[in-house]
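# Inside the fold
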2 protein chains.
Amino acid sequence: MSEEKRLVEQITPMDVDFAQWYTDIVKKAELADYSGVKGCMVIRPYGYAIWENIQRDLDSRFKKLGHENVYMPLFIPESLLQKEKEHVEGFAPECAWVTIGGQTELTERLCVRPTSETLFCEHYKNIIHSYRDLPKLYNQWCNIVRWEKTTRPFLRTSEFLWQEGHTMHETEEEAREETIRMLYVYRDFYAETLAIPAIIGRKTEKEKFAGAVETYTIEPMMHNGVALQGGTSHYFGDGFARAFGITYTDRNNQIRYPFQTSWGVSTRSIGAIIMTHGDDSGLILPPGVAPIQVIIIPVAQHKPGVLEAAAKLRDRLAEKFRVKLDDSDYSAGWKFSQYEMKGVPLRLEIGPRDIENNSCVLVSRPTREKTVVSLDNIEDGVKAALERVHRELYARAEKNLKDKTYDAHSYDEFLDIAKNKPGYIRAMWCGDSSCEDRIKDETDGVKSRCIPFEEEHIANHCVCCGRPAEHMVVWGRQY
Amino acid sequence: MSEEKRLVEQITPMDVDFAQWYTDIVKKAELADYSGVKGCMVIRPYGYAIWENIQRDLDSRFKKLGHENVYMPLFIPESLLQKEKEHVEGFAPECAWVTIGGQTELTERLCVRPTSETLFCEHYKNIIHSYRDLPKLYNQWCNIVRWEKTTRPFLRTSEFLWQEGHTMHETEEEAREETIRMLYVYRDFYAETLAIPAIIGRKTEKEKFAGAVETYTIEPMMHNGVALQGGTSHYFGDGFARAFGITYTDRNNQIRYPFQTSWGVSTRSIGAIIMTHGDDSGLILPPGVAPIQVIIIPVAQHKPGVLEAAAKLRDRLAEKFRVKLDDSDYSAGWKFSQYEMKGVPLRLEIGPRDIENNSCVLVSRPTREKTVVSLDNIEDGVKAALERVHRELYARAEKNLKDKTYDAHSYDEFLDIAKNKPGYIRAMWCGDSSCEDRIKDETDGVKSRCIPFEEEHIANHCVCCGRPAEHMVVWGRQY
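Cut-offs and rules
Residues numbered from 1 in each chain as written. Chains lettered and ligands numbered in written order. Predicted model: local features only at pLDDT ≥ 70, side-chain atom pairs only at ≥ 80, totals over all residues. Least-squares fit on C-alpha atoms with pLDDT ≥ 70 in both. Buried ≥ 20, exposed ≤ 12 C-beta atoms within 10 Å, placed from the backbone. Helix = DSSP H or I, 4+ residues; strand = E, 2+ residues; numbered from the N terminus. Pairing = 2+ DSSP bridges. Domains from an automatic or database assignment. Contact = placed C-beta atoms within 7 Å. Nonpolar A, V, L, I, M, F, W, Y, C, P; charged D, E, K, R; others polar.

The next subject is the relation of the copies chain A and chain B. Placing chain A over chain B gives an RMSD of 0.0 Å and needs a rotation angle of 180 degrees, together with 0.0 Å of translation along the axis. Such values leave the two copies arranged in the relation of a two-fold axis. Distance from the rotation axis, computed per C-alpha, reaches its smallest value in chain A at V98 of chain A: 2.1 Å.

Structure representation (structure tokens):
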């Protein structure tokens with residue numbers, strides 16, 4: 001038992017130090033490693049397998065809606081980045097610049113892409129001529145660089161992986177529809193695949209993407225009450241099209257500017273999984289992205305027939321699930337702890353008595369609940385158990401989100417919650433960014449998350465300045 | 001017909017100007033576009049879909065052999081790149097350097113990875129301690145930057161996409177086996193998926209990878225007789241392990257250095273597909289990677305029942321093949337030319353008479369051969385026809401490779417072939433790189449491709465200097 005204990009003891013309890021708990025999980029579950037390259041991480045096989053599952057799921061959602069994948073250059077010449085004024089102001093401070101190529105100083109320095117609106121626009125200018133060329137529904141899976149001073153694996157690194165959709169449309173209406181459609185794709189992906197509920201809504205003027213007309217966001221709440229921006233979807237109007245001179249001939253033979261969107265989800269989503277579902281025994285992975293959905297652990301594996309039965313079961317389940325049999329020499333107890341730490345959603349135990357009874361035991365990672373299931377219809381049993389894990393994870397996260405969301409009717413109340421109760425604060429707002437600035441200053445970092453789609457009129461006046469309220473805003477601290 | 005003619009006429013015939021023919025195909029088949037970023041290309045949806053099919057195929061071959069995917073940083077600090085002397089000397093001249101990050105001059109400049117041996121080694125140093133940690137069989141899908149002055153889409157660009165496998169092993173023997181195993185994986189992939197035969201062998205000392213002990217290569221011949229390095233597999237010995245201080249405790253409790261390999265295939269393989277199979281009507285894609293394997297073109301589509309029958313057929317075939325129905329208003333003739341140019345391996349025509357006969361017509365892209373197939377077992381008919389296309393493409397390319405491979409027994413003969421007959425030259429070699437230099441100079445670019453695995457002793461003396469011959473070498477010009 002001492003070995004098992006040691007394994008679990010390596011993880012700092014959440015309540016003691018959430019940040020350290022997070023780092024411990026990333027390291028002990030072998031998701032990522034620090035690299036000697038400042039601000040960059042190594043995504044290890046177990047972490048990358050989660051990302052591959054995220055990619056497969058999102059990519060098929062995109063393709064079902066008609067999106068096509070492309071690949072744009074890594075570099076953006078400075079003059080190209082500068083074409084849209086707000087955009088360059090937003091991103092220039094965090095750019096990494098290539099100034100030397102092939103041993104010669106470049107005449108124009110190149111930014112390593114922090115996002116690719118400018119590159120897509122340059123290409124769209126070449127290929128969009130007529131309404132027949134619209135819509136263009138492109139997406140790209142790639143790496144991105146935004147220079148960061150302090151970094152944490154998955155949450156904030158100078159380089160990260162993501163997908164960025166960039167679309168062009170004939171009309172404002174169509175582009176606005178696409179912006180919202182993709183936000184809901186993200187909402188569904190978070191709910192159905194990651195088992196993560198979230199608030200969705202529109203960013204305030206102050207918090208929107210550099211160059212966008214509107215930014216929509218999905219804001220799941222982490223276990224400790226802190227928000228993580230899970231994905232964003234932007235409506236650009238025709239601002240970039242005008243800046244880049246992209247025009248098309250419409251159905252009435254008029255020259256017009258097309259309307260644009262972009263939307264992205266990154267490897268931060270892995271950070272969201274860790275901090276939404278994990279516990280003091282380690283990671284808990286939603287079945288939708290778990291590299292191993294079922295870990296089979298033979299009990300008393302030295303007894304005749306146990307390993308054979310376990311292997312047979314593995315082969316049978318492998319047709320429908322991502323399954324692994326651990327027949328190594330470690331003790332069953334050690335294996336239990338190990339795969340709990342790795343967050344495998346379902347453990348299947350099989351020993352001599354189970355074999356005798358033509359059954360096995362399924363253990364849910366989040367609840368540790370044990371179920372005896374007949375081997376006759378084990379596929380159905382495993383499927384149902386994985387679905388239960390997903391529902392349990394979603395329900396827990398939803399409870400956390402509800403329990404840690406507070407309404408503030410006065411500024412004193414707001415400051416008190418901000419100081420003492422980690423979570424989201426729902427409060428009315430006048431629409432002026434100076435109130436956002438004041439709140440941020442006086443709470444040491446609470447910011448507007450979004451104007452939620454499910455707005456409620458909980459008061460008539462701005463919680464901060466008392467002027468007439470325009471909107472309800474969800475406020476919170478963020479990663 | 002004039003529209004159709006124009007479509008085909010846009011492609012310069014191969015025999016007139018092979019380079020222009022290549023560029024025309026890349027552009028007209030919408031595989032890639034030039035970008036305003038010097039040396040970088042835009043991979044368009046049709047080209048990227050080919051890359052996705054290549055990735056899926058190779059990735060499953062790797063995973064079947066136990067390889068795992070990871071992700072390493074984009075940047076290599078200069079000091080890290082310099083740890084292995086030969087390696088840095090080989091790559092430093094083509095590095096792109098980041099010197100400014102987040103508006104401040106960096107204290108150490110960062111190279112945008114031209115290959116990732118150094119990053120993998122740095123990580124391996126952290127995670128390899130015991131023989132139990134070996135082998136490590138890692139692979140990475142990513143972008144790579146090697147600064148180029150003159151560029152051509154897919155063949156030579158400053159940025160390209162690839163996979164790079166990096167493995168570590170307990171013994172030299174095991175690492176050498178891995179090196180050869182992965183070369184054969186590439187050979188099989190090229191043959192079975194791309195329908196491209198190739199010569200495989202070992203690079204000479206002069207041509208091997210910077211820092212490698214041995215480099216193995218797969219060298220398919222393009223239609224015009226020029227070689228394209230299709231993939232390489234390197235054995236490193238323990239050179240990098242020593243330079244990076246990677247050690248492990250072996251089974252006898254001794255501290256040892258592990259043995260290393262790396263191997264890669266890039267988006268150049270798309271260039272190989274174009275130049276191996278294409279003809280004057282456009283691209284020809286092997287069914288294994290074609291984004292559309294079967295294009296269904298309704299004939300006399302205004303007649304009642306034609307579009308319905310075509311759509312029904314599409315839905316039926318879509319369960320087993322990548323299939324598209326073009327029911328647009330363009331003429332059937334225009335569509336024929338269009339999908340020939342796009343290289344769709346199989347065309348399926350269905351019109352009123354076919355429907356009456358419960359049949360359809362299949363047309364092979366490479367041979368234009370027509371086959372009437374019953375709709376009853378259309379799936380089998382399509383499967384057989386696609387297999388025939390694959391065999392036909394492989395056979396053509398194999399004939400081209402054989403027809404354009406010449407034996408040279410004297411230096412005069414060598415120079416004559418090099419001047420007048422594009423292709424490979426098989427000739428004996430003394431083992432001295434000065435003969436390689438002389439040949440390159442006196443033939444304006446003919447280089448040693450490899451010492452082929454299927455070596456023949458065709459003479460006793462070096463074709464260049466007359467000294468005793470060590471090996472047969474396959475020589476040729478390259479992309």
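This next bit is on the pairing of strand β7 (residues 136–145) of chain B. Residue and element names in this part refer to chain B. Buried residues dominate β7, accounting for 7 of its 10 residues. As paired strands, strand β3 (residues 68–69) and β7 are joined by 2 bridges and run parallel to one another. Pairing of N69 across the sheet is with N139, part of β7. Bridge count between β7 and strand β8 (residues 159–169): 10 bridges; the pairing is antiparallel. Looking at β8, one finds that C142 is bridged to W162.

Let us look at the domain arrangement of chain A. It is common to report an interface's size as the accessible area lost on association of the parts. According to the domain assignment, chain A contains domain 1 (16–277), domain 2 (294–388) and domain 3 (405–476). Each of domain 2 of chain A and domain 3 of chain A has a C-alpha centre, and the two are 49 Å apart.

Looking now at the interface of chain A and chain B. Counting from both sides, the interface comprises 40 residues of chain A and, opposite them, 40 residues of chain B. Of all the elements in the fold, those that place two or more residues in the side of chain A that touches chain B are β2 (41–43), α3 (45–64), β3 (68–69), β4 (75–77), β5 (96–101), α6 (117–127), β7 (136–145) and β8 (159–169) of chain A. When residues of the side of chain A that touches chain B are assigned to their parent elements, the largest contribution, 6 residues, is made by β5 of chain A. Residue composition of the side of chain A that touches chain B, by class: 23 nonpolar, 10 polar and 7 charged.

Residues and elements named next belong to chain A. For the bond running from L134 to P135, omega is -5 degrees, close enough to zero to count as cis. Here P135 is to be found in the loop between α6 and β7. In this structure, A195 takes a positive phi of about 60 degrees despite not being glycine. Among the secondary structure elements, A195 is positioned in the loop between α7 (172–192) and β9 (199–202).

To continue, consider the pairing of strand β23 (residues 471–476) of chain B. Residue and element names in this part refer to chain B. Burial of β23 is extensive: 5 of the 6 residues sit out of reach of the surface. Direction of pairing for strand β21 (residues 424–429) relative to β23: antiparallel, over a ladder of 5 bridges. Counterpart to M428 in the pairing with β23 is M472. Across 3 bridges, strand β22 (residues 447–452) lies against β23 in antiparallel orientation. For K447, the partnering residue across the bridge sits in β23 and is G476.

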